[in-house]
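Now for the letters of each chain:
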Amino acid sequence: MKALVYTGPEQLEFRDVPDAVAGTDEVLVRIHSSGICGSDMHAYLGHDERRPAPLILGHEAAGTVVGGALDGKRVTINPLVTCQTCTHCRSGRANLCAKRQIISMQPREGAFTEWVAMPERNLVAIPDDLSFDKAALAEPLACGWHTVRLSIEALHGEAGTAKALVIGGGAIGLGAALALRAFGVASVSVAETNPLRWPALEQCGFAILGADTVPDAGFDLVIDGVGYAATRATACRAVTAGGVIGHIGLGESTGGLDVRRMTLQEITFIGTYTYTPDDFRATVSAIASGALGSLDWMQTMPLALGAEAFQDIRAGRMAAPKVILKP
Ligand SMILES: [Zn+2]
Ligand SMILES: [Zn+2]
């Protein structure tokens, strides 16, 4: 089969690799759409020691099942493979499983290829009228959905009257903003400094703020979809007394938190990682029902041109918040 193989920092080769083989309790999925994630970019730049070359990246994928009980079904893939037996898995928080694996990290190859082997339980069927490209957005959108759900649960007061700010207008930030709206939050602003990203945000109807126009203590709910020291500092400044910060991005591991203000103003900070299996399914339903909007802000490119797509994103030439590669 053909695959886009990460062979070293800023190097990708479209080449033949051995065919994927389904293990016990696994089926093969013929990949139709596979999105490029910020974490793929991170690995591509050689910054992720958990993803050494050579490796097939990509974990946001949709396709058709071959074999097993779901044979022939159109599905989107939950890429987190977990043990099913630990306390976290049994309590519905499989994303915290100590044995979790994700495709695109050894021992599991990623989805920038034609076939991927997955446990059947990781596959969520999609309606016939939902495109594979939109179905491949389930993974990144589920990250925002999960953060928004946890943040709203921690909020004192009604979601409907809350004022929310999302920091970062890439796919994660935009997804979080769309999830906030789907959860009934009417007032959603997005802080984004890159003008290339404004059209997609405007198209979705969000108010856009610059880094210096975020008001102090103006928001009950702040989602940091970037995760640098500077964005955490903005989140700590922008959140109201008693408010909630939901943290998805992890650009930098430390810095930026104003612990004094968080303590004296009783600000809740929630670290979030991916999504629970229930959040993933809820996100697929929301995509299918249109609750997350038309989702036509992604751009597609042939998998064979994947190296160019990565270069364009790297050089800041890509306006679309999400690029989907098509084998
Ligand atoms: Zn991702
Ligand atoms: Zn587990």
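In case you missed it, the structure is sitting above this.
These numbers come from a predicted model, not from an experiment. (Residues numbered from 1 in each chain as written. Chains lettered and ligands numbered in written order. Predicted model: local features only at pLDDT ≥ 70, side-chain atom pairs only at ≥ 80, totals over all residues. Heavy atoms only, no water.)

Caption draft 1: Quick peek at the packing of helix H4 (residues 138–153) against helix H5 (residues 171–182). Here H4 crosses H5 at 50°, and the two axes come no closer than 8 Å. Relative to H5, the element H4 lies oblique. Crossing handedness for the pair H4 and H5: right-handed. Contact residues: H4 offers Pro140, Leu141, Cys143, Gly144, Trp145 and Val148, while H5 offers Ile172, Gly175, Ala176, Ala179, Leu180 and Ala182. Split into classes, the residues belonging to the contact of H4 with H5 amount to ten nonpolar, two polar and no charged. (Axes fitted to C-alpha atoms, helices over the stretch in contact; angles between N-to-C directions. Helix = DSSP H or I, 4+ residues; strand = E, 2+ residues; numbered from the N terminus. Parallel < 35°, antiparallel > 145°, perpendicular 65-115°, else oblique. Left-handed = near helix turned anticlockwise from the far one by under 90°. Contact = heavy atoms within 4.5 Å. Nonpolar A, V, L, I, M, F, W, Y, C, P; charged D, E, K, R; others polar.)

Caption draft 2: How the structure looks around unusual backbone geometry. In this structure, Pro54 follows Ala53 across a cis peptide bond, with omega equal to -5°. Along the chain, Pro54 turns up in the loop between helix H1 (38–44) and strand E4 (55–56). The peptide bond linking Gln106 to Pro107 adopts the cis configuration, its omega dihedral lying at 10°. Its location among the elements puts Pro107 in the loop between strand E8 (101–102) and strand E9 (115–119). Positioned with a positive phi, Glu266 is a non-glycine residue whose angle comes to about 50°. The backbone of Thr274 sits at a positive phi, close to 50°, despite the residue not being glycine. Along the polypeptide, Thr274 turns up in the loop between strand E16 (268–271) and helix H9 (277–289). A relative accessible area of 10% means that Thr274 is categorised as buried. (Buried < 20%, exposed > 50% of the residue type's maximum accessible area, 1.4 Å probe, protein only.)

Fair warning: the whole summary comes from geometry, so function is off the table for now.
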